[in-house]
Amino acid sequence: MVKVVKFGGSSLASAEQFKKVGNIIRAEESRRFVVPSAPGKRFSDDTKVTDMLYKCYAEAEAGKNFDKQLKAIEERYNEIIKGLGLRLSLKEQFETIKKNFEAKAGSDYAASRGEFLNGIIMANYLGFEFIDAALVICFDKNGEFDSEKTNKVMTEKLKNVKSAVIPGFYGAMPNGAIKTFSRGGSDVTGSIVARAIRADVYENWTDVSGFLVADPRIVDNPKSIDIITYKELRELSYMGASVLHESAIFPVRKEGIPINIRNTNAPEDKGTFIVETTCNRPDCIITGIAGKKGFVSITIDKDMMNSEIGFGRKVLQVFEDNGISFEHMPSGIDTMTVFVHKDEFVEKEQKVLAELHRAVTPDTIELESDLALIAVVGRGMKNNSGLAGNIFSALAKAKINIKMIDQGSSELNIIIGVRERYFEDAIKTIYSVFVPEDK
């Protein structure tokens, strides 16, 4: 068995955390390929190294002296090296970083150094080979990730390597310039490595023991999820459940490789398995609940709308022309409602309304802001009658008015729209209906 193990910033924030990680890796010989993040916060008021690097580079880009900030970053790493008792110096690497900052190598280069340096320490600590991600993670000339080229290059590079550390978060463009993924991109790197070596499992170690049915900041002690499918995860991640970078699903999905979310601080916990499909039945009808605030609804009313060919296309064309993506579009015989992100819509509001009038000559257009969307997701929902009715009934008893309800044809999820002020109460109510209390 071969495993790829990725460790988040909180798992590598200090020498003490590094030692926990070392114990986890050495506990199983199969954990041969390691993807580290940059050091995260050591305590609540601490600063992540990536944020320190961004700030430091901003000073360099502005032509200011950045020696003090760079020295503080170097001290963070030296503290880890000393705590691990390693005979390792990063002096040469920091001299190179300083020169590249002065040469204005770019904010992507600056941010990537957090993972790069942590990777060197990790490889030294474990006795593994260090492989710079810039050599094996490929972006095209437009800065788009090239998955097939990366898979080919990575597979070739790792085919005769017994064990290695590959830093997360970044790669390189054809001209050698460093390019990063979005925040949380180390999850993606781990998934790419797992695909390339055809790993049996991709273990993603963080500071929580897998996924929870609902946000613990909203629901007290929500149940954990043992097994979740890629599709369920995609729905929940998109709607705000942020344990794993949503793009990390795609590389391993192509190879049918399961992801196991684990807790560095509680390695005995089994965590959550993310799989292509499973005959394992969930403990309750739903797998999870997640949601987002900050939506606007645009309701277009026009008599005989349903008989006007191309009406929906013309409406959506207006939003597309203005660079606004739509989230959901419930409709009736004479009405159509489009849900969009408020921050995308608000500056173009009047322009969009004028263009809608010209495009489809509606009878009226109504706007409502400060809305939230909640996704109720679960493979157990399929063929389960009365689900929407139970949601309606429970929210009605809680005096929460539903602005929208939309169920996908896959029967995997139901999207509910409510006013933002009812967001937390709605999630609590839905959770109480579908998740039985432990007796």
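What this report covers is the structure whose coordinates are included nearby. (Residues numbered from 1 in each chain as written. Predicted model: local features only at pLDDT ≥ 70, side-chain atom pairs only at ≥ 80, totals over all residues. Heavy atoms only, no water.)

**A few points about the overall build of the chain**
In terms of helices and strands, the chain carries 14 helices and 16 strands. The globule rule puts the C-alpha radius of gyration for 439 residues at 22 Å, and the 25 Å found for the chain is close to it. Over its C-alpha atoms, taken along the principal directions, the chain stretches across nearly 75 × 55 × 40 Å. Residues classed as buried in the chain amount to 50% of the 439 residues present. Partitioning the contacts of the chain with sequence separation of at least 6, the portion at a separation of at least 24 is 74%. Of the roughly 20,900 Å² that the chain leaves accessible, carbon and sulfur atoms contribute 47%. (Helix = DSSP H or I, 4+ residues; strand = E, 2+ residues; numbered from the N terminus. Rg over C-alpha atoms; globule rule 2.2 N^0.38 Å. Buried < 20%, exposed > 50% of the residue type's maximum accessible area, 1.4 Å probe, protein only. Contact = heavy atoms within 4.5 Å. Areas by Shrake-Rupley, 256 points an atom, 1.4 Å probe, with all protein chains shown as cover.)

**Topic: the pairing of strand S1 (residues 3-7)**
S1 sits mainly inside the fold: five of its five residues count as buried. The alternating pattern of S1 places Lys3, Val5 and Phe7 and Val4 and Lys6 on opposite faces, both of which are buried. Strand direction decides the pairing type here: S1 and strand S7 (residues 201-206), joined by five bridges, are parallel. Bridge pairing links Lys6 to Asn204 in S7. Pairing of S1 with strand S2 (residues 31-36), which is carried by five bridges, proceeds in the parallel orientation. Bridged to Lys3 within S2 is Arg31. For the segment spanning S1, helix H1 (residues 15-27) and S2, crossover handedness is right-handed. (Pairing = 2+ DSSP bridges. Right-handed = clockwise from strand over helix to strand, strands pointing away.)

**Concerning the environment of Leu316**
Within the fold, Leu316 resides in helix H10 (residues 311-321). In this structure Leu316 comes out as partly exposed when scored by relative accessible area, which is 22%. Residues Leu316 and Phe326, ten residues apart in the sequence, show an inter-C-alpha distance of 8.1 Å. Once residues lying within four places of it in the same chain are set aside, the contact partners of Leu316 are Phe326 and Met329.

**Some points on the packing of aromatic side chains**
The tally for this structure, following the rule as stated, stands at ten aromatic pairs. Here the aromatic rings of Phe18 and Tyr125 are separated by 6.4 Å at their centres, their planes lie at 75 degrees, and the arrangement is edge-to-face. Remark: Tyr125 occurs in helix H5 (residues 107-126) and Phe18 occurs in helix H1; sequence separation between them is 107 residues. You can call Phe18 buried: its relative accessible area is 0%. Its relative accessible area of 16% is what places Tyr125 among the buried residues. (Phe/Tyr/Trp six-rings, centres within 6.5 Å; stacked < 30°, edge-to-face > 60°.)

**Side note on helix H6 (residues 147-158)**
With twelve residues, H6 extends 16 Å from end C-alpha to end C-alpha; this agrees with the ideal 16 Å at 1.5 Å per step. Taken residue by residue, H6 has Thr150, Asn151, Met154 and Leu158 as its buried positions. Down the axis of H6, the buried set is contained in an arc of 100 degrees. They therefore lie on one face. Structurally, H6 contributes buried residues whose contacts are with S2 and helix H7 (186-197). (Expected span 1.5 Å × (residues − 1). Arc of directions from axis to C-beta.)

**Re the packing of helix H3 (residues 67-84) against helix H4 (residues 91-102)**
At a minimum axis distance of 11 Å, the contact between H3 and H4 shows a crossing angle of 150 degrees. When the axes of H3 and H4 are compared, the pair comes out roughly antiparallel. The hand of the H3/H4 crossing is right-handed. Of H4, the residues touching H3 (which contributes Asp67, Leu70, Ile73, Glu74 and Tyr77) are Lys91, Phe94, Ile97 and Lys98. (Axes fitted to C-alpha atoms, helices over the stretch in contact; angles between N-to-C directions. Parallel < 35°, antiparallel > 145°, perpendicular 65-115°, else oblique. Left-handed = near helix turned anticlockwise from the far one by under 90°.)

**Things to note about the nonpolar core**
Phe33 and Phe101 are the most contacted members of the largest nonpolar core, which has 116 residues in total. Ranked by the residues each element gives to this core, the list is headed by H5, at ten residues. In this structure Phe101 touches Leu53, Cys56, Tyr57, Ala60, Phe66, Tyr109 and Ala110, once residues within four positions along its chain are discounted. If you look at the next biggest cluster of nonpolar residues, it comprises 16 residues, including Val296, Val318, Phe319 and Val338. (Core = buried A, V, L, I, M, F, W, Y, C linked by side-chain atoms within 4.5 Å.)

**Regarding the side chain of Thr189**
For Thr189, the location among the structural elements is in helix H7. Those residues in contact with Thr189 that sit more than four places away from it in its chain are Val35, Ile137, Pro167, Gly168, Phe169, Tyr170 and Phe181.

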